[in-house]
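# Commentary on secondary and tertiary structure
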Amino acid sequence: MQLDDNKRKRNMLLYVLIAFVVYMVLNTFLFPNLQNGGVQTQDVNYTQLLDDLENKRVEDIKYTTDDARAVYTLKGEEGKVYRTTTMPTDADLTNRIQEAGATLKVTVPDRDSGMWTYLFVTIVLPVLVFFLFGRWLNRRMKKAMGDDNPSMDFSSGGFGGFGGGGLGKSGARIVASKDVGVTFKDVAGQEEAKESLKEVVDFLEKPQRYEAIGAKLPRGALLVGPPGTGKTLLAKAVAGEAGVPFFSISGSEFVEMFVGRGAAKVRDLFKQAKEKAPCIVFIDEIDTIGKKRDGSGFSGNDEREQTLNQLLTEMDGFDNQKGIVVLAATNRPDTLDPALLRPGRFDRRVPVELPDLAGRKAILELHSKDVKTEPGIDLSAIARATPGASGADLANIINEGALRAVRLGRTRATQEDFEESVEVIIAGQQRKSTVLSDHEKQVVAYHEIGHAIVAARQKGSAPVTKITIVPRTNGALGYTMQVEEDEHFLTTKQEVLDKLAVYCGGRAAEELIFGEMTTGAANDIEQATKLARNMVTRFGMSDEFGMMALGTVQNAYLNQDTSLTCAPGTAERVDAVVKQLIAEAHERALQALKENKFKLHELAHYLYKKETITGEEFMNLLTRENPLMPKTNG
Ligand code: ADP
Ligand code: MG
Ligand code: ZN
């Protein structure tokens, strides 16, 4: 608001300035004789004029009949001087001028038209320019600020009133059902979520049936899950299926500068919803207003609390037989105020989790429907390569693949396009501008082959599918991709330990071959430490602590950060155990590489030359017997 006002003032100033310049320009060009701009003038006595006439020095003289002033110039003067004088009504003057041989110019003013042109140009025109320019500015500003900002509306004088109930007031975007254009068909996977939302659809279609039996349907359902899993999409689909209006607003839109406006928006939103019932009110990112209220009176967050209170009141208030269902989405359910989750409010919780293998395949299929592809695309291979990807990631993968096909001048996307775009999503674009020195390239090659050999030499590791040393925009200088054969829901302790060893394989190879350390293992180290810490604090996989929970997960849907919930002394011991686990894994990785040192050399050189190799190439080379080499190497 403050900002808008300043901007407005600046604009006003600018517009006054421009109008002034226009005025000056008009004046100078149309009425040059009104100014003395640049021309020399001199006020002289009437006697001086008579004198000059006497001496025949006057070149020409001008006067207007109804004016007592005359302007004259002298002969042979360098740079004309306009002499102005006041004359009495002197009948003899014309004769004298004639005698003096000066040119006489008399103007009889056309009183009306002259006056009017003068008035028009000096007064009416500037005012008109002011007015038009002002209107144009006003319009432009309104467009820039968004039309629903009532305080910008100069002309209607609607400075910040909430009444009146115009549609724009609450900022809620109202989409009529036919415009939603999304149904359950557009949501792949998420079968359980769809199942529990079908009831909501049914309720919106025939509320009487529920009324007849005396059942109370949930007023609200809360969609919880990680970002990009399709929560917003599902909410729209419910409206689309039921064919009812869809009111959507994001939690952050309620948070306003002025105390009380957020609450007013809530009130307004529900007022509109009641008029349009049956309908769906969707509050996206509800955590922004629905955070737990804290007890302290000095929270400084009165506004948010007021908004939340208003929301709770509205949800209790509306007559549910009308068929208003409030859907909300969040990826921070742990921070929500318990009052929101009470029966009668968002009592139904619909988990929208990351898709599993089948779900990923379904989402890929759905999004690739509109993309022209070569026949025989294997989307399950892509689905297998993308554990942990959200629906939004998968949609992005398909689109990136199509974009790549266009970039390479093809009319159909290939399997390779999609595989490359998986890597783009995981690791960023290839960065051709990063030029590694020869030595650096070798180090990266050994590092990656180190990971791959450790992985291949352990039963519990997922097969290697690709190794590359092409730098990526996320900073990785190379990476080794491993893809599970099929979906895993449980991981054994042995598998976790194997994974730890694979993380250590890169650094181990560098040490073994070059006898030095580089910064290239930073990410591996981070991942390994996180995994080892989870083994101890969450998975109960350490001898020292056994099945003791030492930490809680802070927000399960965002970054899975764990905070320790143990005594400081215990935390120290946890660190010691984590250190021990990683040291052992490192030792095992080093051992595996020592046993395969020749293969390490051979494969690293091969990768160095080719830059990218497939899992098959890797396995062929690794298992190939080389008659020139001894079978085991130390
Ligand atoms: P959220 O609200 O959970 O963060 P969105 O609903 O905004 O996620 O999803 C973003 C996009 O990802 C959707 O527009 C859609 O293209 C795609 N998407 C996500 N989940 C799915 C799904 N289950 N089926 C199809 N598309 C999906
Ligand atoms: Mg969303
Ligand atoms: Zn590495």
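Right above here is the structure, for reference.
These remarks concern the structure in this document. (Residues numbered from 1 in each chain as written. Chains lettered and ligands numbered in written order. Predicted model: local features only at pLDDT ≥ 70, side-chain atom pairs only at ≥ 80, totals over all residues. Heavy atoms only, no water.)

### Quick look at the site of ligand 1
What counts here: Working definition: residue near molecule or strand if any one of its non-hydrogen atoms lies within 4 Å of it. Polar contact criterion, stated in full: a pair of N or O atoms within 3.5 Å, where within protein one must be able to donate a hydrogen and the other to accept it, and residues adjacent in sequence count only if both atoms are side-chain atoms. To be clear on the numbers: accessible area is Shrake-Rupley with a 1.4 Å probe, and residue cover counts the displayed protein chains and nothing else.
Surrounding ligand 1, one finds 16 residues, the nearest of these being A188, G228, K231, T232 and H367. Note that an oxygen atom of ligand 1 is positioned 2.7 Å from one of the backbone N or O atoms of G228. The contact in question runs from an oxygen atom of ligand 1 to an N or O atom on the backbone of L233, over 2.9 Å. Compared with its free state, where it exposes 560 Å², ligand 1 has 78% of that area covered by protein.

### A closer look at the packing of helix 17 (residues 438-456) against helix 18 (residues 493-514)
The test is simple: The axes are straight lines fitted to the C-alpha atoms, using for helices just the contacting stretch, and the angles between their N-to-C directions are given from 0 to 180°. A helix here means a DSSP run of H or I that spans at least four residues, while a strand means a run of E at least two residues long, and both kinds are numbered starting from the N terminus. Angles are sorted into four bins: roughly parallel if under 35 degrees, roughly antiparallel if over 145, roughly perpendicular if 65 to 115, and oblique for all others. Two helices cross in a left-handed way if the nearer one is turned anticlockwise from the farther one by less than a right angle. They cross in a right-handed way if the turn is clockwise. Residues are treated as being in contact if the distance between any of their heavy atoms lies within 4.5 Å. Nonpolar residues are Ala, Val, Leu, Ile, Met, Phe, Trp, Tyr, Cys and Pro. Charged residues are Asp, Glu, Lys and Arg, and all others, Gly as well, are polar.
One way to put it is that helix 17 packs onto helix 18 with a least axis distance of 7 Å and a crossing angle of 135°. One finds that helix 17 runs oblique with respect to helix 18. Relative to helix 18, helix 17 is oriented so that their crossing is right-handed. Facing helix 17, whose interface residues are H439, Q442, V443, Y446, H447, G450, H451, V454 and A455, helix 18 presents A501, V502, Y503, G505, G506, R507, A509, E510, I513 and F514. Split into classes, the residues belonging to the contact of helix 17 with helix 18 amount to 10 nonpolar, 7 polar and 2 charged.

### Brief notes about the coordination of the zinc ion (ligand 3)
Using the following cut-off: Counted as donors are N, O and S atoms no farther than 2.8 Å from the metal, or 3.2 Å for Na, K and Ca; water is not among the atoms, and sites may therefore look incomplete. Burial status follows relative accessibility: with a 1.4 Å probe on protein chains alone, a residue under 20% of its type maximum counts as buried, one over 50% as exposed, and anything between as partly exposed.
Around the zinc ion (ligand 3), the protein contributes the donor atoms H447 (NE2), H451 (NE2) and D524 (OD), at 2.0 to 2.1 Å from the metal centre. Within one chain, the residues serving as donors to the zinc ion (ligand 3) are arranged as H-x3-H-x72-D. With H451 in helix 17 and D524 in helix 19 (residues 522-537), this pair connects stretches of sequence that are 73 residues apart. Relative accessible area serves as the criterion here: at 13%, D524 is assigned to the buried category.

### Examining the pattern of salt bridges
Threshold: Put simply, a salt bridge is a Lys or Arg side-chain nitrogen that is within 4 Å of an Asp or Glu carboxyl oxygen.
By the definition in use, this model includes 24 salt bridges. Two residues, E365 and K361, come together in a salt bridge whose shortest N-O distance is 3.6 Å. Of this pair, E365 and K361 both sit in helix 13 (residues 357-368), 4 residues apart, roughly one helical turn. Taking relative accessible area as the criterion, K361 reaches 32% and is therefore assigned partly exposed. A salt bridge links D575 to R533, with the shortest nitrogen-to-oxygen separation between them at 2.8 Å. Linking D575 in helix 20 (residues 568-595) with R533 in helix 19, this pair joins segments that are 42 residues apart in sequence. What emerges from the salt-bridge pattern is a single network uniting R404, R410, E416 and D417.

So yeah, pure geometry; function would need other evidence.
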